[in-house]
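# A look at the structure
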There are 2 protein chains.
Amino acid sequence: MKVSESEARERGEATSREAACPYRLVLEHVTSRWGVLVLMELLERSYRFGELRRAVARHGRTASEKMLTQTLQTLERDGLVHRDAKPVIPPRVDYSLTDLGREAAEQVRGLARWSKDRMDQVTRAREAYDEARG
Amino acid sequence: MKVSESEARERGEATSREAACPYRLVLEHVTSRWGVLVLMELLERSYRFGELRRAVARHGRTASEKMLTQTLQTLERDGLVHRDAKPVIPPRVDYSLTDLGREAAEQVRGLARWSKDRMDQVTRAREAYDEARG
DNA sequence: CAGTATCCGTGTTGATACTG
DNA sequence: CAGTATCAACACGGATACTG
């Protein structure tokens, strides 16, 4: 599998440009567009690939297969997601959280809850801001 | 100021495509590349524009003026950041967190701390993953 | 079903130059 | 100093076709 430099870099092979703060990479994986949704869904229960894709779609937009695959692989590599591929035909692959992943997901859930809880304050702030300007 | 459609959308004017889950937008602002760094720096103390730019640079890469401006405006509009422009020459603008922003920043700090604390577990997971494959 | 491979449009980012 | 304006690069994400 040939990947672009950025795709490789994204996976953790930091280049000289961003040598500092390796933990920021984990943070970005966890807070990425699809990472957030995947972690939160898996906090409920384990999912099969297509099933997870549909579940995520309900809480945001639907991820392309490519993006979901990429997200899951990144999270698996970081040790947050467990991938269980059953050797059956047709293929069946179950995804679940590791203990580490559960911790991460709970942090994310905290942030998501905060966002929901404060949503109207934010909305009011936006209205005030927009009214004050154009 | 002419902004692209996506830049406008990013600011909260959801289009039909992503009508669901407006809170996800706040979440994305808060967890955005520069949003995370800005919130964490402002948790320490208030900063002037250029000062903040240098402070952020220490914890990641340096944000371009454009990106820092955009990030600050978005967070200000969401009611997380307070902007205090003094009418002096040369201009002096101080940025600080609102109460709402402080809450958000604390959530983000939680996630960042978790990332730091678990960094070596993640690193080991990656090594195991990479060794198992190519 | 669960992916992989490839191509391609465009949005996000960042350098640079400029203004009040 | 604190921005705004403009433009180019490139990474991201999606559509599609294919495989085991």
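Anything mentioned here points back to the structure above.
Here goes a summary of the coordinates provided. (Residues numbered from 1 in each chain as written. Chains lettered and ligands numbered in written order. Predicted model: local features only at pLDDT ≥ 70, side-chain atom pairs only at ≥ 80, totals over all residues. Heavy atoms only, no water.)

Between side chains of opposite charge, pairing is possible as soon as their charged atoms come close. Residue and element names in this part refer to chain A. Evaluation of the coordinates by the stated rule reveals 19 salt bridges over all chains. Among the salt bridges present, the one from Glu 51 reaches Arg 45, with a minimum N-O distance of 3.5 Å. Residue class for Arg 45 comes out partly exposed when judged on its relative accessible area of 41%. Bridged by salt links that share partners, the residues Asp 84, Lys 86, Arg 92 and Asp 94 form one connected network. (Salt bridge = Lys/Arg side-chain N within 4 Å of Asp/Glu carboxyl O. Buried < 20%, exposed > 50% of the residue type's maximum accessible area, 1.4 Å probe, protein only.)

Turning our eyes to something else, we now look at the pairing of strand 3 (residues 92-97) of chain A. All names here are of chain A. Inspection of the sheet shows strand 1 (residues 47-48) paired to strand 3 by 2 bridges, in the antiparallel sense. Note on strand 3: the bridge partner recorded for Arg 48 is Asp 94. When strand 2 (residues 81-86) meets strand 3, the two strands line up antiparallel, connected through 6 bridges. If you follow Arg 83 over to strand 3, its bridge partner there is Tyr 95. (Pairing = 2+ DSSP bridges. Helix = DSSP H or I, 4+ residues; strand = E, 2+ residues; numbered from the N terminus.)

Picture the strands of a sheet paired through backbone hydrogen bonds; they go either parallel or antiparallel. Residues and elements named next belong to chain B. Taking strand neighbours across the sheet as the criterion, the 3 strands line up as 1-3-2 in an open arrangement whose pairing is antiparallel. One side of each edge strand has no neighbouring strand; the edge strands of this open sheet are strand 1 (47-48) and strand 2 (81-86). Contacting strand 1, strand 2 and strand 3 (92-97), helix 3 (residues 33-44) runs over the sheet at an angle of about 90° to strand 3. (Contact = heavy atoms within 4.5 Å. Axes fitted to C-alpha atoms, helices over the stretch in contact; angles between N-to-C directions.)

Residue-level contacts link 45 residues of chain B with 46 residues of chain A. Together, the buried faces of chain B and chain A total about 4400 Å²; carbon and sulfur atoms form 62% of this surface. Where chain B packs against chain A, one counts 7 salt bridges. If you list the elements that add at least two residues to the side of chain B that touches chain A, you get helix 2 (23-31), helix 3, helix 5 (65-77), helix 6 (99-117) and helix 7 (119-132) of chain B. When residues of the side of chain B that touches chain A are assigned to their parent elements, the largest contribution, 11 residues, is made by helix 6 of chain B. (Buried area = accessible area lost by both parts, 1.4 Å probe.)

Of the transformation placing chain B onto chain A, the axial shift is 0.0 Å and the rotation is 180°, giving an RMSD of 0.1 Å. What we have between these two chains is a two-fold relation. Proximity to the rotation axis, assessed at the C-alpha, singles out Thr 31 of chain B in chain B; its C-alpha lies 3.1 Å from the axis. Most of the interface of chain B is mirrored in chain A, where 100% of its interface residues are also at the interface. (Least-squares fit on C-alpha atoms with pLDDT ≥ 70 in both.)

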